[in-house]
Protein chains: 2
Amino acid sequence: MTHAPTGSANVLTRHGTGPVGKIPDSLRDVEHAVTSLRDFYAWLTSYRDTEQSKVRRIPFTELKAWRFEGSTGNLVHDSGRFFSVQGLRVRDAPGSVPSWEQPVISQPEVGVLGILVKEFNGIPHCLMQAKMEPGNHNGVQLSPTVQATRSNYTRVHGGRPVPYLDYFRNASGHRVLADVLQSEQGSWFHRKRNRNIVVETTEDVELLDGFYWLSAGQLHALLAVDDLVNMDARTVMSCLPLTDPALPNLRPPDGDPRSLYPVDVDTIRTSLTRSLDPAHGALHSPGSLRNWFTGARADFEGEATLVGLGSIRGWHRTEDRISHESGLFFDVMAVDVETGSREIGGWTQPMIEARGQGVTAFLVQRIDGVLHVLVRAKHEPGFMDAVELAPTVQCTPENYTVLPAEAAPPFLDEVLSAPAEAIRFDTVLSEEGGRFFHTRSRHVIVEISPERELQEPDDFRWLTAHQLSGLVQHSNYLNIQARSLLACLHSLLCQTRGE
Amino acid sequence: MTHAPTGSANVLTRHGTGPVGKIPDSLRDVEHAVTSLRDFYAWLTSYRDTEQSKVRRIPFTELKAWRFEGSTGNLVHDSGRFFSVQGLRVRDAPGSVPSWEQPVISQPEVGVLGILVKEFNGIPHCLMQAKMEPGNHNGVQLSPTVQATRSNYTRVHGGRPVPYLDYFRNASGHRVLADVLQSEQGSWFHRKRNRNIVVETTEDVELLDGFYWLSAGQLHALLAVDDLVNMDARTVMSCLPLTDPALPNLRPPDGDPRSLYPVDVDTIRTSLTRSLDPAHGALHSPGSLRNWFTGARADFEGEATLVGLGSIRGWHRTEDRISHESGLFFDVMAVDVETGSREIGGWTQPMIEARGQGVTAFLVQRIDGVLHVLVRAKHEPGFMDAVELAPTVQCTPENYTVLPAEAAPPFLDEVLSAPAEAIRFDTVLSEEGGRFFHTRSRHVIVEISPERELQEPDDFRWLTAHQLSGLVQHSNYLNIQARSLLACLHSLLCQTRGE
């Protein structure tokens, strides 16, 4: 790339000159879109009706091209690609159970999760794909434009080319709204990361079968539907720029940000809008937050080491699953997939199946009229960097039944017993259906009274939405559950005209 | 921590209300400080005169409590703490030499590098320590307030407590200006990181023997002195906030940032000042830079694996060193240290001794009057995340004498042959003297003509100073050489009143 010499004055890019602000505008006016949600549902139903895939559990011996490796007992693919299931030995972790062993997915490849954005009638629309994944209990869910492992897009298995991949593999000539490597589930994956990328184009885009343009507002509104927007879509959505800290033009002309929002209009939407704008301030300064988070990382002294799957203690293999002796946590199992609609006709693969339904929740509170979110600095053994920011509550409640009551996660009771009028979001959403079988989490946002003085435990802090949005542009800050909930939080801006 | 309920209106912190801007002010007026540089030099000379340490090379057999471990050949400490020298096997790295093996320092502990800041007469001052390190060819250099491994401050070796440590281990009640885990040399360390932290206090601070308050401007001005400000001080200095992208009040009232700086005043200082202010814009948008950098990381497919030091190919151990068969790169060697001034009286340890003097250089250019810095996305095998941003040139020129000419790093010739009038900074500075013996790099900043159209190679990009300052607040972006040069770049703001 070259730039013109200094005589030509306009080679530099300044923030705030682009169409930033149109994404939150779309959330605030969900009905402004090229097609209605009614049209979308009709399309989705018709797509689901033509989808012919069948998924069935199989014993490990029916896996084709997968085997338990002799020396380690690891579950590996004959090609050496895709992924493997290995063992993980954890020592000196913080919390009530410092040491354990478990199966873990090792997948060193960085996959691509990309959403293509294009304006129609001045409204940003996202190109979404109706995609069957074997782990989805309802078959088809809504995925990003591109959701591909490196093995997919380098076509190790000889499948068809990945549609729209070039927008993300070579984004020059387009506008990149987000591009960041993000962690996956640190309890189930060893150091797995995906590239989360959002590219805006002004080109004509051919609409292929199985794809649909939804406005940013419509897409967020659909988060309220159980098991529709898949995990990969949610994590990319969380990286969409809903705020830009460099943007002075978000501020009102008189310099007092409060004048934008009359004090007597104090809904969750207005307090969230304030929270997305740095001019409204935050309970904790950036320096104080960096000090807290860096301290949590620097003090971590545990270790997590890959070991042979055959050697881990407390886990037993039967003909069709590897389970913990307690009957808790998750199983490693296998499926056979028959389909006419995927790049290749059918396949078998191992998967992870959680034993219970998860709960992932944000407590939120209006502090001085600005919505704050309580996040936790949490260790998960599969993280590349030991500690990331997690939701207020992230657990599978059943897993704590065998432990003493004081081992239960902070705020779990508060979330489970929250009164209906305090619940701002409550939807059951699926984990990624390419690796996780019928594994789902209830996503909840609970608002506590502005009058309440809540003592932050050492590993918890109140952050604003703009602080979370700033961090999610960088790797290794927000874990996948926090990102999924951040997209749900943003959906609280959604408004239809009748409201 | 609790916050007051919403009735009390002022619990939120807003950016731009603190004393930001005083650090660049200090650089622009170096003479405004509590003592003069002449006083500082007198103090330093007197300190050096009383410093009694003796360092001598020893054969490995004279190491006390260090040994070559039988099974691996690794050089380890009997306690299992401190650090070890192991082998590293690198495969499929980008560049002209994709595979090699080498010794590497493994030190899983996160150390603390902290600078304490306090205002005197309204000017921020940094508490610096005159510190002997065995690798320093000149004995004493200027180090941060605290420079301590975890083994130091948990007192594994039974030494004295680390002075001022509490400001950094528990910063509550003080103002945290920076706090971030930063990488160390990725060619010599395996995934080593240190906590870089700057804390401002308003308390009275007792001045202990061996410590000195220098204004931020004085400290930066001293970067121009060969081998004075040590590597640990330079990396912490690079994290000092010289710009705050959230600060609208840095902008002029009429909204045109150019009005702050008349066009006819176009020195390196004014172009650097513009470069520190996001309002002046940048050649590449944040999205475009994220796309470039994330792409470099996502495409990386190499691997670096720890192996036994005794098993690496191409390296030979004699009684007093481990060297590469080519005579290039570096040696592992050992020293005996006698001192009366350190926490313990004397010790022996292994060290790394580079064979040649390094060159680390930024090419800079004024683009539309805004200074830009050419950085490189570079793989080093010891990085936690494969690729970081490095200087335009970072190499030891002698290492390329055995390779074909086309293997020489881009822009190396340009830096080595730069005319005197293009050189804005040129100082020889030392690597960290606790691990590296007489190992030094020439730090150079070369300005190229604004008229020149320089084609950016794929792995290079022009960044502004505010873009670099934004990235250095997060882990794993700028490598240690880029951070060291960033501090040198900031020192170009330094001005004495006579100028």
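Preceding this paragraph is the structure being described.
What this report covers is the structure whose coordinates are included nearby. Please read all numbers here as calculations on a predicted model, not as lab measurements.

## Brief notes about the overall build of chain A
When you go through chain A residue by residue, the secondary structure sums to eleven helices and 25 strands. The C-alpha radius of gyration computed for chain A amounts to 23 Å, which stays within 12% of the reference 23 Å derived for 499 residues, consistent with globular compactness. Judged by the C-alpha coordinates and their principal axes, chain A covers about 70 × 55 × 50 Å. The long-range fraction of contacts in chain A, counting pairs at least 24 apart against all pairs at least 6 apart in sequence, stands at 73%. Total accessible area on chain A is roughly 18800 Å²; 50% of this is exposed by carbon and sulfur atoms. Side-chain charges in chain A split into 47 positive and 61 negative, and the spacing between the mean points of these groups amounts to 4 Å.

## Points about the nonpolar core
Of all hydrophobic cores here, the largest spans 75 residues; its most connected members are B:Phe40, B:Leu389, B:Ile445, B:Leu478 and B:Leu489. Examining the composition of this core, we find that six residues originate from one element, helix H11 (residues 480-490) of chain B, more than from any other. Setting aside residues no more than four positions away along its own chain, B:Phe40 makes contact with B:Leu142, B:Tyr212, B:Leu214, B:Leu222 and B:Leu228. Counting residues in hydrophobic clusters, the runner-up holds 74 residues, among them A:Phe40, A:Leu177, A:Ala178 and A:Leu219.

## Here we look at the pattern of salt bridges
For the coordinates displayed, the defined rule picks out 54 salt bridges over all chains. Between B:Asp426 and B:Arg442 there is a salt bridge whose closest N-O contact spans 2.8 Å. Taken together, the positions of B:Asp426 in strand E23 (residues 423-430) and B:Arg442 in strand E24 (residues 440-448) put the pair 16 residues apart, joining distant regions of the chain. A residue is classified by how much of its surface remains accessible, and B:Asp426, at 39% relative accessible area, is partly exposed. Connected through shared salt-bridge partners, A:Arg57, A:Asp320, A:Arg321, A:Asp331, A:Glu353 and A:Arg355 make up one network.

## Topic: the packing of helix H6 (residues 231-238) of chain B against H11(B)
Residue and element names in this part refer to chain B. Relative orientation of the contacting elements H6 and H11 amounts to 70°, with a least axis distance of 8 Å. By the criterion of interaxial angle, the relationship of H6 to H11 is roughly perpendicular. Contacts between H6 and H11 involve Met 231, Arg 234, Thr 235, Met 237 and Ser 238 from the first element and Ile 480, Arg 483, Ser 484, Leu 486, Ala 487 and His 490 from the second. Of the residues assigned to the contact of H6 with H11, the class counts are five nonpolar, four polar and two charged.

## Concerning the side chain of A:Glu431
Residue and element names in this part refer to chain A. With respect to the element layout, Glu 431 can be found in the loop between strand E23 (423-430) and strand E24 (440-448). A distance of 2.5 Å separates a polar atom in the side chain of Glu 431 from a polar atom in the side chain of Gln 185. Ignoring sequence-local partners within four residues, the contact set of Glu 431 consists of Asn 136, Gln 185, Trp 188, Met 231, Phe 436, Thr 439, Arg 440 and Ser 441.

## Examining unusual backbone geometry
Of note, A:Ala65 is a non-glycine position whose phi angle comes to about 70°, a positive value. Of note, A:Ala65 is situated in the loop between strand E1 (54-58) and strand E2 (66-68).

## Details of the packing of aromatic side chains
With the rule as written, the count across this model stands at 30 aromatic pairs over all chains. On the basis of an interplanar angle of 55° and a centroid distance of 5.6 Å, the ring pair of A:Phe40 and A:Tyr41 is categorised as tilted. Residue A:Phe40 is classed as buried on the basis of its relative accessible area, which comes to 0%. With centroids separated by 4.9 Å and ring planes inclined at 75°, the aromatic side chains of A:Tyr164 and A:Phe211 adopt a geometry described as edge-to-face. In this pair, A:Tyr164 is assigned in the loop between helix H3 (150-153) and helix H4 (166-169) and A:Phe211 in strand E13 (residues 211-215), connecting sequence segments 47 residues apart. Judged by its relative accessible area of 11%, A:Tyr164 falls in the buried class. For A:Phe211, a relative accessible area of 5% translates into the label buried. Taken together, A:Phe40, A:Tyr41, A:Trp43, A:Tyr47 and A:Tyr212 form an aromatic cluster joined through their ring pairs. The side chain of B:Arg317 reaches across the aromatic face of B:Phe68, ending 3.6 Å from its centre.

## What about the environment of B:Ala377?
Residues and elements named next belong to chain B. Inspection of the secondary structure assignment puts Ala 377 in strand E20 (residues 370-379). In the structure, Ala 377 is positioned 58 residues away from Glu 319 in sequence and 39 Å away in space, judged by C-alpha atoms. Excluding residues within four positions of it along the chain, Ala 377 makes contact with Trp 292, Ala 296, Val 387, Glu 388, Leu 389 and Asp 459.

## Some points on the pairing of strand E4 (residues 84-91) of chain A
Across a regular strand the side chains alternate sides, sitting on one face of the sheet and then on the other. All names here are of chain A. Burial analysis of E4 places six of its eight residues in the buried class, which makes it a mostly covered element. When E4 meets strand E5 (residues 100-106), the two strands line up antiparallel, connected through seven bridges. Note on E5: the bridge partner recorded for Leu 88 is Gln 102. With five bridges joining them, E4 and strand E14 (residues 303-307) adopt antiparallel strand pairing. Across the sheet, Arg 91 pairs through a bridge with Glu 303, a residue of E14.

## Brief notes about the pairing of strand E18 (residues 346-354) of chain A
Residue and element names in this part refer to chain A. Buried residues dominate E18, accounting for eight of its nine residues. With nine bridges connecting them, strand E17 (residues 330-338) and E18 associate as antiparallel partners. By the bridge assignment, Glu 338 is partnered in E18 with Gly 346.

## Some words on H6(B)
All names here are of chain B. For H6, the tally of buried residues reaches eight of eight residues, placing the bulk of the element in the interior. Among all positions of H6, only Met 231, Asp 232, Ala 233, Arg 234, Thr 235, Val 236, Met 237 and Ser 238 are buried. Sitting at the amino-terminal end of H6 is Asn 230, which places a side-chain oxygen 3.2 Å from the backbone nitrogen of Asp 232.

About the criteria used
Residues numbered from 1 in each chain as written. Chains lettered and ligands numbered in written order. Predicted model: local features only at pLDDT ≥ 70, side-chain atom pairs only at ≥ 80, totals over all residues. Heavy atoms only, no water. Helix = DSSP H or I, 4+ residues; strand = E, 2+ residues; numbered from the N terminus. Rg over C-alpha atoms; globule rule 2.2 N^0.38 Å. Contact = heavy atoms within 4.5 Å. Areas by Shrake-Rupley, 256 points an atom, 1.4 Å probe, with all protein chains shown as cover. Lys, Arg positive; Asp, Glu negative; His and termini not counted. Charge placed at Lys NZ, Arg CZ, Asp CG, Glu CD. Core = buried A, V, L, I, M, F, W, Y, C linked by side-chain atoms within 4.5 Å. Buried < 20%, exposed > 50% of the residue type's maximum accessible area, 1.4 Å probe, protein only. Salt bridge = Lys/Arg side-chain N within 4 Å of Asp/Glu carboxyl O. Axes fitted to C-alpha atoms, helices over the stretch in contact; angles between N-to-C directions. Parallel < 35°, antiparallel > 145°, perpendicular 65-115°, else oblique. Nonpolar A, V, L, I, M, F, W, Y, C, P; charged D, E, K, R; others polar. Polar contact = N/O pair within 3.5 Å; in protein donor to acceptor, adjacent residues only side chain to side chain. Phe/Tyr/Trp six-rings, centres within 6.5 Å; stacked < 30°, edge-to-face > 60°. Lys NZ or Arg CZ within 6 Å of the ring centre and 35° of its normal. Pairing = 2+ DSSP bridges.

Note that every value here comes from positions in space, so none of it alone points to a role or purpose.
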